[in-house]
Every structure is written in structure tokens, then in C-alpha cells.
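Chain by chain, the residues:
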Amino acid sequence: MKTWVEKYRPRTLKEVAGNPKAIAALVAWVKEWKLGKPKKRAVLLYGPPGSGKTSAAYALARDLNYDYIELNASDWRTRDVINRIVGSASRFGTLDPEREKKVIILDEVDGIHGRAEYGGLAALKKLIGQSRHPIILIANDPWKLPADFRNLTLMVEFKRINQRTVLRVLKEICRREGIEAEEKVLKIIAANSNGDLRSAINDLQALAEGRRKLSLADVELLTMRDVEIKIFDTLVRILKTESIDRAREAVFDSGEEPDTILKWLAENLPLEYRDPEDLARAYNYLSRADVFHGRILRRQDWGLLSYMVDLMSAGVALAKKRKYPGYTRYQYPKIFAMYAQLRGERQSLDALAEKLQGRKDAHTKIHASKRIIKEQFIPMLVLLMKHNPEMAALAASELELELKEIKLLAGDEKLAGEIYKQAEEITKERMRRLARGDRTKQVSLWEF
Amino acid sequence: MIEAVWVEKYRPSKLDEMVGQREVVERLKGYVASRNMPNLLFAGPPGTGKTTAALALAREFFGKNWKANFLELNASDERGIDVVRGKIKNFARTQAIGGDFKIIFLDEADALTKDAQHALRRTMEMYTSTCRFILSCNYSSKIIEPIQSRCALFRFRPLNDEDITQVVRRIAMKEGLDLTKDGLEAILYVAEGDLRKAINLLQSAAAFGKEIDAELVYRIVGKARPQEVREMLSIAMKGDFLKAREKLRELMITYGMSGEDVVAQMHRETFNLDIPDRQKVELVDIIGEYDFRIKEGASELIQLEALLAQFVARGGGENSV
């Protein structure tokens with residue numbers, strides 16, 4: 001399935017939404033190429049995610065009817081690779097003169113660093129000096145690149161796209177998808193996107209795909225999903241990238257707790273990583289991240305948080321052998337509901353076990369630890385409730401169980417009610433006997 | 001006294017009525033005769049009479065005042081040594097009624113960390129004149145030396161089949177049950193020398209009717225549903241992670257299994273999988289690692305899902321790429 005981001009990517013520079021200044025600068029630069037060698041052989045498009053850099057680069061190539069060669073984060077940008085792929089394209093071109101006109105697009109340039117990509121920048125610098133072709137470099141944060149490198153390029157800034165423009169694009173997509181969307185709904189998506197058109201389109205797709213209508217009735221769902229929309233973006237950024245930096249930044253940029261992101265990742269990992277080996281590797285990192293989380297909670301050692309974050313983001317991102325293209329409909333972690341349920345149940349069972357011990361009223365009823373009571377006595381009481389109401393009623397009376405505790409054991413309201421009523425009778429009878437001074441004695445197995 | 005719970009109803013109130021542990025009982029009776037006792041350390045597996053011995057000892061020392069002079073605590077229940085110390089302090093403040101000292105019974109003392117045990121040792125020292133401690137544990141080696149050296153050690157052995165048979169038969173008779181020979185054998189087999197387990201099992205079975213045979217006993221024990229865990233594993237080995245995960249969630253929510261239960265059963269069921277033995281060993285290694293991670297980590301659900309993913313990757317089912 002094609003993502004809407006791909007499906008509606010602008011074909012021409014004119015169609016690119018927002019950033020008119022940047023677009024104008026690009027058009028001027030291309031003209032320079034047409035007139036001969038420009039002052040700068042490479043342009044560096046920089047700005048926040050979803051501001052139109054990649055779209056502008058491809059639209060530009062299309063406008064000129066140029067072919068393009070692209071390298072992105074998934075390719076190893078070492079000196080060798082750059083020399084081999086980009087070098088050949090820039091110096092020799094193809095045999096077909098029409099196809100000789102090429103734009104070289106390099107995405108995520110600010111991700112070039114480290115020992116593995118050693119020499120990558122140097123090779124790129126050399127390439128910029130020699131190239132016969134326009135080179136478009138794309139980066140989120142150009143200030144990570146060395147100044148002498150930046151100086152070789154024409155820097156073009158892309159800013160966050162304003163909400164009105166985002167809204168206009170969303171409306172256009174709805175029109176072409178044949179979706180009747182209320183303006184208010186689209187406005188909420190636009191506001192949520194914080195100027196990131198890509199995430200706005202992804203959000204729209206997540207909510208509207210397969211629907212004919214998107215109305216205010218869905219707004220409740222939408223506002224509830226405020227957090228989810230943000231987290232969808234975080235998930236995309238971790239699960240779709242193979243860049244260690246991008247994955248880590250996704251967590252830092254997200255306003256969510258790492259713990260919450262971890263649970264979202266666990267829920268959605270198998271939807272994204274379809275190769276079992278990728279899945280096993282990624283889950284291993286989530287598991288390790290959870291171990292650090294446990295240590296943080298137990299020791300209050302927040303210094304360990306960075307390991308948790310690195311493993312759950314970069315660990316998971318790099319666990320895949322290749323990217324999984326296409327749009328994934330992420331889902332709300334069932335684990336949250338399960339935790340609430342498990343916690344509720346465990347708390348009630350804990351409370352019940354404590355009551356069965358009876359130590360609070362200084363009169364021990366069952367002499368065993370809570371663990372043993374939960375393992376042995378409570379399951380037995382459950383069986384009594386279900387299969388022997390008479391014995392169950394006696395137990396309920398002696399253990400002074402309340403209706404809700406009987407319900408927890410019997411698992412059935414009506415049955416619990418009956419047992420409770422019978423237990424009350426037994427209690428009354430015992431009180432009468434006690435009033436007469438008639439006490440039950442410990443039963444000895446050895447007397448007959 | 002709780003009649004509806006047979007373990008309590010038939011718990012012996014006199015040392016002489018205890019089954020097994022003859023040697024222990026004789027030594028404890030010696031203390032009663034001399035009206036004094038040191039601190040005691042009861043070591044032995046569950047269901048062998050440690051709590052019963054402590055309760056019976058208190059009754060024999062103090063007669064009908066025993067409850068006022070006896071404090072029962074469980075180290076694994078009370079959160080932290082501070083709670084334990086607080087309760088002990090409160091209890092030890094007042095004079096014993098009709099005796100020279102009070103008895104504090106601290107069950108599962110081996111659940112305390114080393115640091116907590118050192119704190120406990122200081123507390124024991126503080127109240128030597130007014131209190132005697134009985135500590136119980138499964139393994140005496142988990143109790144720090146300084147405490148061991150201040151206590152008389154009593155080892156409780158697993159009860160043998162004759163001992164358990166005696167008790168179970170008598171209870172069955174008193175309760176008017178028809179306990180078949182194979183029913184008794186099934187109880188002995190499952191209880192493994194744990195009398196509490198045997199009695200609870202008998203009563204659980206009695207919930208269904210008067211006749212108790214092996215089939216009923218095994219049906220009750222089988223409640224943990226090994227076949228469900230087996231099914232989950234076989235789905236995982238076929239490569240369908242999402243379906244296996246659904247099964248896992250069902251086990252935990254619908255059947256209320258704890259993470260530990262699931263891992264323990266996965267371990268057991270691994271040997272029944274239709275895979276080469278070498279791979280079984282590998283999987284056991286992985287299960288062990290995740291068992292450890294569950295204890296170290298924050299979310300057992302995430303750990304269990306991650307463990308399942310390891311099974312899927314090693315299963316090489318039709319969905320694998």
C-alpha cells in the first residue's frame with residue numbers, strides 16, 4: 001500500500017506547499033546551472049522534519065526533466081560508496097545524452113559521521129568540487145556539519161509549514177480521496193502536526209483511511225488520540241529509520257515518557273518487522289531496555305535511563321536488516337488495559353489474602369504467607385464457591401468475607417449473593433451458640 | 001478456629017500430635033519441660049510442620065494465654081525490615097502474661113535481604129530478656145551466620161508417604177469422604193512430602209463430591225492448563241508471532257497466570273516440542289535468561305513477548321523470511 005505521503009508528493013516545485021522563499025532560491029540556483037557553472041555546485045536544504053525538503057528536491061529534478069540518483073540513510077555513506085555511486089554519476093554520466101542530466105540527491109547528510117563513515121565527508125567535499133551535476137544535500141541540522149563543508153554549499157532554509165498551509169493540503173487530500181471531512185477535525189490534525197506536513201498527512205491517513213466521512217463525532221476519538229498522534233510520529237521515526245541518531249532523537253523529541261514509548265513499541269513491533277529474526281533482535285533490545293527500566297525503578301538510579309532509551313530506540317531501529325516500506329497502522333497497546341486489569345485483580349487478591357491471614361484483627365485465621373494463600377487456599381476457595389456452596393458459605397462466615405470478596409472468588413454475582421446470604425445465617429447461628437457459651441473446640445485427628 | 005479450611009481445622013494443637021519430625025518434637029518438648037528455650041531456627045521445605053510446631057510450642061508454653069504471648073509475622077509479607085521491627089517493638093514492649101517471655105515467630109526469614117537480616121539480628125539482641133524468636137526458612141544457608149549462631153537449629157524433613165497417608169486418611173474419614181486407593185496415591189504424588197498441599201488438595205477435590213479418585217485429583221491439579229501453554233509454543237514455533245502473543249495475553253488475563261507460571265510452564269513444555277534436542281537446550285538457555293530478566297525488569301508482559309519472539313525466530317515456520 002502506498003502511503004499518502006508518497007501518493008500526494010508534489011510533482012513540481014510550484015506544487016510544493018509552503019516555504020516560497022526557499023523554493024525561489026532553488027529555482028534561481030537551477031537557472032545558474034543552466035547558464036553554466038554556478039558559484040556553488042551543491043545546495044544544502046535544511047530544516048525540521050516534514051517541512052518539504054525531500055519533496056522540493058524531487059520536484060526540482062522532475063521540473064528540469066533530470067534524472068536523479070539518491071542516497072539516503074539506509075545506504076552506507078563511506079568514502080568508498082560515495083566515490084563509487086556518486087562519483088561515477090557525476091563524472092561520467094550515462095551514455096544516453098538525454099539521460100546525462102542528473103541531479104544527485106543525498107538525504108540525511110547530517111548523519112554522516114563516526115568511524116564507519118570515516119572519510120565520507122571528505123569524499124563528498126571532493127565530489128562537490130568536481131561535479132558536473134547539481135547536488136542536493138538534505139539535513140535536519142546543518143550545524144552538525146563542519147563550517148568548511150557548509151561553505152561549499154548554498155544553504156537554503158526550510159521552515160515549519162504554517163497551519164493554514166497544512167490545512168489546505170489536508171483538505172486537498174480529502175477531496176481527492178473522496179472523504180468528507182469536517183474542517184474542525186482537519187484543523188485539529190493540522191494544529192497537532194506543529195508544522196510537520198508529513199506527520200499531518202500520516203495522521204490523517206491513520207484516522208481517515210477507509211472512511212467516507214470524518215466528522216465531529218470522531219473528534220472525541222481524535223482528542224483522545226492527541227497523545228497517540230504524537231506517539232505515532234515517534235514510532236515512525238524509530239521503526240522506519242536505520243540511523244542511530246534519528247532513532248535516539250525520536251525519543252528525545254517526543255514529550256512522552258520512555259516507558260510509554262517502550263510499550264507502544266512492543267505493541268507495534270510485530271506489525272512492522274515481519275522478518276522473525278529482525279523481530280527477535282528488536283524484541284531482545286526492548287527486553288534489555290525493560291531490564292534497565294526495572295533497575296531504574298528499583299534503585300531510583302536515573303543515570304541508567306540513557307541505556308534504556310538507547311536500546312529501545314537505536315537498538316530497535318538497527319535490529320532490522322532492511323527497511324520495511326509502506327504505511328503501518330499502529331495500534332493502541334493492549335498492554336495498558338491488561339496492566340490495569342491485572343493490577344486491579346492482583347490488588348484485590350492481595351487484599352483478600354491479607355484478610356484470610358486475619359492478622360489485622362490480631363487473630364490469625366490461616367497460618368500461611370500471602371504467597372501460599374494465593375497459591376493454594378484461594379484456588380481451593382474458588383472451587384468451594386463453584387461446586388460446594390454449603391462449605392463455601394461456612395468458609396465465608398468464618399473468614400468474615402464481604403459480598404465483593406465472595407464475588408471475586410465465585411466469579412458470579414448471583415451465586416455470590418446466595419452464598420453471602422447463607423453465610424449470614426451461619427454467622428447468626430454461631431453468635432447464638434457463643435452467647436450460650438457453646439464454643440467450638442479444636443478438632444483432634446487422634447480422638448474418636 | 002476456622003472449620004471451613006481443613007488445614008486449620010485439623011492443625012494439631014499439641015506437639016505430640018504432629019506427624020513425622022519425631023526428633024524435633026522430642027527436643028521441643030524438652031524446652032517445655034524446662035520452662036525455657038533459646039532462639040530457634042526452623043529449616044525445612046514447605047508443609048513439613050514448621051508453623052504448626054511454633055504454634056503448638058506456644059500453646060504448650062502459655063496454655064490459654066498463648067495468643068497474647070505469640071506474634072506471628074511473615075518476612076515475605078511485611079514490606080521491609082522496618083515494618084517487622086515496628087511490630088516486634090510494639091509487641092515486646094509489654095510483659096508476657098503467665099510466662100517469662102513472649103515468642104515471636106518470623107516465617108520465611110530467608111526472604112529478608114542480608115542487610116535486613118543484620119538489622120533483625122540487632123533487634124533480636126535488643127529484646128533477649130523479654131522475647132524468644134523462632135525463625136523459619138526453607139534453607140538455613142540463606143540465613144546469615146550471626147543469626148544462625150544465636151539460634152538452635154532444627155531441621156524439618158519432607159514428610160514420608162506413610163505420614164501423609166495417615167493424616168489424609170483420617171481427615172477423609174472425619175469428613176465422610178470416600179478416598180479411593182488411586183486417589184490417595186495421586187495426592188501423595190502431587191504433594192511431594194508437603195502435607196499442607198496434600199490437605200488442600202483433598203479439600204479442593206471434596207468440593208466436587210464425596211468420592212475422590214485419581215482422575216479428580218489430577219483434574220484439579222491440571223487447572224494450570226499445560227495444554228494451553230503448549231499450544232502457544234507450537235503457534236510460536238510455526239512462526240505466527242501475533243497469534244502466539246494473543247494466546248499469551250489470554251493465559252495471563254483469562255487464566256490469571258503470573259509471568260513466573262508462564263515461564264515455568266514454557267520451560268517444562270519445551271521438552272515436549274517436536275524439535276531437535278540440541279535446539280531444546282538452546283531454548284532452555286534463552287528461557288532461563290528471560291526468567292532472570294523478568295525478575296530484573298519492570299514489565300513481565302514485555303519480557304514474555306520478547307521471549308516468544310525468540311521462539312518464533314528459532315521455529316523457522318512457514319511465515320519466516
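Position numbers for residues count from 1 along each chain, tracking the sequence in the order it is written. Here the convention is simple: chains get letters from A, ligands get numbers from 1, in the order in which they are written. With pLDDT at 70 or above as the cut-off, local features in this predicted model cover only qualifying residues; side-chain atom pairs require 80 or more to be listed or tallied, and sums for whole chains, interfaces and linings still use all residues. Only heavy atoms go into the side-chain values, all of them from the structure, while hydrogens and water stay out.

1. A few points about the overall build of chain A
- Each helix and strand counted, chain A has 20 helices and 7 strands in total.
- Throughout this description, buried means an accessible area under 20% of the type-specific maximum (1.4 Å probe, protein chains only), exposed means over 50%, and partly exposed covers the range between. Going through the 448 residues of chain A one by one, you find that 52% of them count as buried.
- Sequence-distant contacts in chain A: of pairs separated by 6 or more residues, those separated by 24 or more amount to 74%. Labels follow the DSSP assignment, with helices taken as runs of H or I lasting at least four residues and strands as runs of E lasting at least two, numbered in each case from the N terminus. Note on definitions: a residue-residue contact is assigned when non-hydrogen atoms from the two residues lie within 4.5 Å.

2. Comments concerning the interface of chain B and chain A
- Contact residues are listed per partner, giving 70 residues for chain B and 69 residues for chain A.
- Both faces combined, the contact of chain B with chain A buries some 6200 Å², and carbon together with sulfur accounts for 58% of it.
- When two parts are brought into contact, each loses some accessible area as probed by a 1.4 Å sphere; the total of that loss over both is the buried area. Taken as a group, Ile253(B), Glu296(B) and Ile302(B) account for 10% of the area that chain B buries against chain A, more than any other trio of residues on that side.
- The salt bridge definition used is simple: a Lys or Arg side-chain nitrogen within 4 Å of an Asp or Glu carboxyl oxygen. Linking chain B with chain A are 4 salt bridges.
- The salt bridge involving Arg371(A) is made with Glu108(B); its shortest N-O contact spans 3.5 Å.
- By the criterion applied in these results, polar contacts are pairs of N or O atoms within 3.5 Å in which, for protein atoms, one can donate a hydrogen and the other can accept it, and in which residues neighboring in sequence qualify only through two side-chain atoms. The interface formed by chain B and chain A contains 24 residue pairs in polar contact (both at pLDDT 80 or more).
- Per-element accounting of the side of chain B that touches chain A gives the leading share, 10 residues, to helix H15 (residues 300–315) of chain B.
- Residues belonging to the side of chain B that touches chain A are distributed by class as follows: 31 nonpolar, 14 polar and 25 charged. When residue character is reported, Ala, Val, Leu, Ile, Met, Phe, Trp, Tyr, Cys and Pro are called nonpolar, Asp, Glu, Lys and Arg charged, and the others, Gly included, polar.

3. Observations concerning the sheet that holds strand E5 (residues 153–157) of chain A
Residue and element names in this part refer to chain A.
- Strands were regarded as paired on the criterion that DSSP finds at least two bridges between them. Pairing is parallel across the open sheet formed by 5 strands, whose spatial order is E2-E3-E4-E1-E5. Both edges of this open sheet fall to strand E2 (67–71) and E5, since each of them pairs with a single strand only. When strand polarity is set aside, the average angle formed by the axes of neighbouring strands in this sheet is 20 degrees.
- Of the strand pairs in this sheet, strand E1 (residues 42–46) and E5 are connected by 5 bridges, and their pairing is parallel. Its bridge partner being in E5, Val 43 is matched across the sheet by Leu 154.
- Fitted lines through C-alpha atoms give the axes, limited to the stretch in contact for helices. The angle between two N-to-C directions lies from 0 to 180 degrees. Packed on one face of the sheet, helix H3 (residues 53–63) meets E1, E2, strand E3 (102–106) and strand E4 (135–139) and runs near 170 degrees to E4.

4. Points about the sheet that holds strand E5 (residues 151–155) of chain B
Residue and element names in this part refer to chain B.
- Spatial ordering of the open sheet is given by E2-E3-E4-E1-E5, a layout of 5 strands whose pairing is parallel. Sheet topology places strand E2 (70–74) and E5 at the edges, where each strand pairs with a single neighbour. In this sheet, adjacent strand axes meet at a mean angle of 15 degrees when their direction is disregarded.
- With 5 bridges connecting them, E2 and strand E3 (residues 102–107) associate as parallel partners. Residue Glu 72 lies in a different strand from E3, and its bridge partner there is Phe 105.

5. Considering unusual backbone geometry
- With a phi close to 55 degrees, Glu400(A) is a non-glycine residue in the positive phi region.
- Its location among the elements puts Glu400(A) in the loop between helix H18 (389–398) and helix H19 (403–410).
- With a phi angle near 50 degrees, Glu108(B) is a residue other than glycine that sits in the positive phi range.
- Mapped onto the elements of the fold, Glu108(B) is located in the loop between E3 and helix H5 (114–126).
- The exposure class of Glu108(B) is buried, given its relative accessible area of 14%.

6. Focus on the packing of helix H12 (residues 241–253) of chain B against H15(B)
All names here are of chain B.
- One way to put it is that H12 packs onto H15 with a least axis distance of 10 Å and a crossing angle of 145 degrees. For H12 against H15, the interelement crossing comes out right-handed. Within the contact between the two elements, H12 uses Phe 241, Ala 244, Arg 245, Leu 248, Arg 249 and Met 252 and H15 uses Glu 300, Leu 301, Leu 304, Glu 305, Leu 308, Ala 309 and Val 312.
- Of the residues assigned to the contact of H12 with H15, the class counts are 9 nonpolar, no polar and 4 charged. Note on convention: near helix rotated counterclockwise from far helix by under a right angle means a left-handed crossing. Clockwise means right-handed.

7. Looking at helix H2 (residues 22–34) of chain B
All names here are of chain B.
- With 13 residues, H2 should cover 18 Å at 1.5 Å per step; its first-to-last C-alpha distance of 19 Å lies within 8% of that length.
- Inspection of H2 places Val 24, Val 25, Leu 28, Tyr 31 and Val 32 among the buried residues, and these make up the whole buried set. Here the buried residues of H2 occupy an arc of 115 degrees about the axis, which is enough to place them on one side. Along H2, the residues that are exposed and aim more than 90 degrees away from the buried face are Glu 23 and Ala 33.
- Residues of H2 that are buried sit in contact with strand E1 (39–43), helix H3 (50–62) and E5.
- Remark: Arg 35 follows H2 within two positions and exhibits a positive phi of approximately 60 degrees. In this scheme, a helix's expected span is set at 1.5 Å multiplied by one less than its residue total. By definition, the arc is the one covered by directions from the helix axis to the C-beta atoms.

8. Thoughts on the packing of aromatic side chains
- Working definition: rings of Phe, Tyr and Trp (its six-membered ring) pair if their centres are within 6.5 Å, and the pair is stacked with planes under 30 degrees apart, edge-to-face with planes over 60 apart, and tilted otherwise. Summed over all chains, the structure comprises 17 aromatic pairs over all chains.
- Pairing Phe232(A) with Tyr330(A) gives two aromatic rings, centres 6.0 Å apart and planes at 75 degrees, and the pair type is edge-to-face. Taken together, the positions of Phe232(A) in helix H11 (residues 226–239) and Tyr330(A) in the loop between helix H15 (305–317) and helix H16 (334–357) put the pair 98 residues apart, joining distant regions of the chain.
- A relative accessible area of 9% means that Phe232(A) is categorised as buried.
- Classification of Tyr330(A) by relative accessible area gives buried; the value is 6%.
- For the ring pair Phe42(B) and Phe156(B), a centre distance of 4.9 Å and an interplane angle of 50 degrees mean the geometry is tilted. Here Phe42(B), found in strand E1, pairs with Phe156(B), found in the loop between E5 and helix H7 (161–174); they are 114 residues apart in sequence, far enough to count as distant. Phe156(B) carries the same exposure label as Phe42(B), and that label is buried.
- Every member of this aromatic cluster is reached through a ring pair, and the members are Phe232(A), Trp264(A), Tyr330(A) and Tyr332(A).
- One Lys or Arg, Arg295(A), reaches over the ring of Phe292(A) and ends 5.3 Å from the middle of that ring. Both a distance and an angle decide whether a charge sits over a ring: NZ of Lys or CZ of Arg must be within 6 Å of the ring centre and within 35 degrees of the ring normal.

9. Concerning the confidence of the model for chain A
- In the predicted model, chain A carries a mean pLDDT of 83, and 85% of its residues have values of at least 70.
- pLDDT is a residue-level measure of predictor confidence that goes from 0 to 100. Mean pLDDT in chain A bottoms out at helix H10 (residues 219–224) of chain A, which sits at 47, and peaks at H15(A), which reaches 96.

10. Concerning the nonpolar core
- The biggest cluster of nonpolar side chains holds 67 residues, and the ones touching the most others in it are Leu269(A), Tyr283(A), Leu286(A), Met312(A), Met232(B), Met266(B) and Phe311(B).
- Looking at this core, the element that brings in the most residues is H15(B), giving 9 residues.
- Nine residue types can take part in a nonpolar core, namely buried Ala, Val, Leu, Ile, Met, Phe, Trp, Tyr and Cys, and a core is a set of them joined through side-chain atoms within 4.5 Å. Counting residues in each nonpolar core, the second largest holds 63 residues, with Ala353(A), Met380(A), Ile171(B) and Ala214(B) among its members.

11. Here's the deal with the confidence of the model for chain B
- Summary statistics for chain B give a mean pLDDT of 89 and a share of 95% for residues scoring 70 or more.
- Scored as a complex, the prediction yields pTM 0.55 and ipTM 0.75.

12. Describing the pattern of salt bridges
Residue and element names in this part refer to chain A.
- Per the counting criterion, the structure on display carries 47 salt bridges over all chains.
- Residue Glu 354 is joined to Lys 370 by a salt bridge in which the shortest nitrogen-to-oxygen separation is 3.3 Å. Of the two residues, Glu 354 is situated in helix H16 and Lys 370 in helix H17 (residues 370–387); the sequence distance between them amounts to 16 residues.
- Accessibility expressed as a relative area gives 31% for Glu 354, which makes it partly exposed.

13. Things to note about the pairing of strand E4 (residues 131–137) of chain B
Residues and elements named next belong to chain B.
- By the criterion of burial, E4 is predominantly enclosed, with 7 of the 7 residues buried.
- Where E1 and E4 come together, 4 bridges link them in parallel fashion. In the strand pairing of E4, Ala 43 is matched with Cys 137.
- Sheet topology places E3 next to E4; 5 bridges connect them, and they run parallel. When the bridges of E4 are listed, Ile 104 appears paired with Phe 133.
- Traced from E3 through H5 to E4, the parallel crossover comes out right-handed. Orient the strands so they point away from the viewer, and a crossover whose first-strand-to-second-strand path over the helix runs clockwise is right-handed.

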